[in-house]
Amino acid sequence: MRIGVDIDGVISDSYPLWLDELNRHYGKNIPFVDDYNMHLSFDVSPEDMNEFFETNVERLLMRPEAISGAREGIESLRQEGHEIIYVTARTLDQEELTAHWFELKGIYYNQVLFTGFGSKLDAVKQWGIEVFIEDYLENAKLIAEYGVPVFLIDTTYNQEELPPGITRCHSWEDIIAGIRKISPKSS
Ligand SMILES: [Mg+2]
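Nothing here was measured: the structure is a model prediction, and the numbers come from that model. (Residues numbered from 1 in each chain as written. Predicted model: local features only at pLDDT ≥ 70, side-chain atom pairs only at ≥ 80, totals over all residues. Heavy atoms only, no water.)

Brief notes about the domain arrangement of the protein
Point 1. Parsing the protein into structural domains produces domain 1 (2-13 + 65-182) and domain 2 (14-62).
Point 2. Each partner contributes to the interface: domain 1 provides 16 residues, whereas domain 2 provides 16 residues.
Point 3. For the pair domain 1 and domain 2, the summed buried surface comes to about 1400 Å²; carbon and sulfur atoms form 64% of the total.
Point 4. Considering only the side of domain 1, the residues that lose the most area to domain 2 are L97, Y136 and Y157, jointly responsible for 41% of the buried surface there.
Point 5. Our count for the contact surface shared by domain 1 and domain 2 stands at 0 salt bridges.
Point 6. Between domain 1 and domain 2 we count 3 residue pairs in polar contact (both at pLDDT 80 or more) in total. (Domains from an automatic or database assignment. Contact = heavy atoms within 4.5 Å. Buried area = accessible area lost by both parts, 1.4 Å probe. Salt bridge = Lys/Arg side-chain N within 4 Å of Asp/Glu carboxyl O. Polar contact = N/O pair within 3.5 Å; in protein donor to acceptor, adjacent residues only side chain to side chain.)

Topic: the packing of helix α7 (residues 120-127) against helix α8 (residues 137-145)
Point 1. It is the contact of α7 with α8, at a shortest axis distance of 9 Å, that shows an interaxial angle of 35°. Judged by the twist between their axes, the crossing of α7 over α8 is right-handed. Facing K120, L121 and V124 of α7, the residues of α8 in contact are N139, L142 and I143.
Point 2. Among the residues forming the contact of α7 with α8, the class breakdown is 4 nonpolar, 1 polar and 1 charged. (Axes fitted to C-alpha atoms, helices over the stretch in contact; angles between N-to-C directions. Helix = DSSP H or I, 4+ residues; strand = E, 2+ residues; numbered from the N terminus. Left-handed = near helix turned anticlockwise from the far one by under 90°. Nonpolar A, V, L, I, M, F, W, Y, C, P; charged D, E, K, R; others polar.)

Concerning the coordination of the magnesium ion
Point 1. For the magnesium ion, every protein donor is listed as D6 (OD), D8 (O) and D135 (OD), and the spread of their distances is 2.0 to 2.2 Å.
Point 2. Accessibility expressed as a relative area gives 4% for D6, which makes it buried. (Donors = N, O, S within 2.8 Å, 3.2 Å for Na, K, Ca; no water. Buried < 20%, exposed > 50% of the residue type's maximum accessible area, 1.4 Å probe, protein only.)

Details of the pattern of salt bridges
Point 1. Enumeration according to the criterion identifies 12 salt bridges in this entry.
Point 2. One salt bridge connects E83 with R2, and the closest N-O pair in it is separated by 2.9 Å. With a gap of 81 residues between them, E83 in strand β2 (residues 83-88) and R2 in strand β1 (residues 2-5) connect regions that are remote in the sequence.
Point 3. Through salt bridges with shared partners, a single network forms among D6, K120 and E134.

Digging into the pairing of β1
Point 1. Pairing of β1 with β2 involves 4 bridges; the strand directions are parallel. Opposite V5, over in β2, you have Y86 as the bridge partner.
Point 2. Bridge count between β1 and strand β4 (residues 131-134): 3 bridges; the pairing is parallel. Bridge assignment links I3 to a residue of β4, and that residue is V131. (Pairing = 2+ DSSP bridges.)

Overview of the sheet that holds β1
Two modes of strand pairing occur in sheets, parallel and antiparallel, and in both the strands are linked by backbone hydrogen bonds.
Point 1. Read from one edge to the other, the open sheet built from 6 strands follows the order β3-β2-β1-β4-β5-β6, with strand pairing classed as parallel. Looking along the sheet, the strands with just one partner apiece sit at the ends: β3 (111-114) and β6 (166-169). Strand after strand, the sheet turns through a mean of 20° between neighbouring axes, direction not considered.
Point 2. Relative to strand β5 (residues 150-153), β4 runs parallel, the two being bridged by 3 bridges.

And the structure:
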């Protein structure tokens with residue numbers, strides 16, 4: 001199957017580092033991210049937070065660790081015959097840093113769609129993606145409503161009840177097991 005894989009919160013463990021950096025920058029002590037739109041937790045405008053991200057992009061993209069099990073998970077999926085396409089809300093000007101980070105972490109990196117502020121659902125439609133791995137519930141809902149099963153990594157910012165078509169996963173092992181269930185023989 002052709003599997004769409006988000007990057008931040010799915011492959012890169014970006015949020016703990018970003019939270020740390022934002023707490024320092026804004027002089028706050030927010031213990032965990034409870035809203036994916038972090039500017040709401042920090043009570044600043046999206047523009048203000050974007051500026052912080054743009055100014056510090058290299059550190060913010062290069063320093064995060066990989067999510068536990070992500071490298072091995074991607075390898076398993078590939079060995080089982082699946083095609084991996086990364087679909088990220090990062091922007092095209094972050095391509096070089098993104099590629100460099102994957103290389104540093106030894107994680108498979110090939111096809112990447114940088115949607116920026118565009119729609120991940122459009123990418124799913126355009127590329128015929130059959131399964132999606134995501135951490136942001138709003139994206140997951142749109143993709144699942146379209147009929148593509150979504151495996152949602154459990155995070156502090158996606159604790160709402162899930163609609164049909166979205167499976168909550170607590171680890172990459174969970175994701176692999178879920179994909180095997182819907183695809184006993186890889187295509
Ligand atoms: Mg994400």
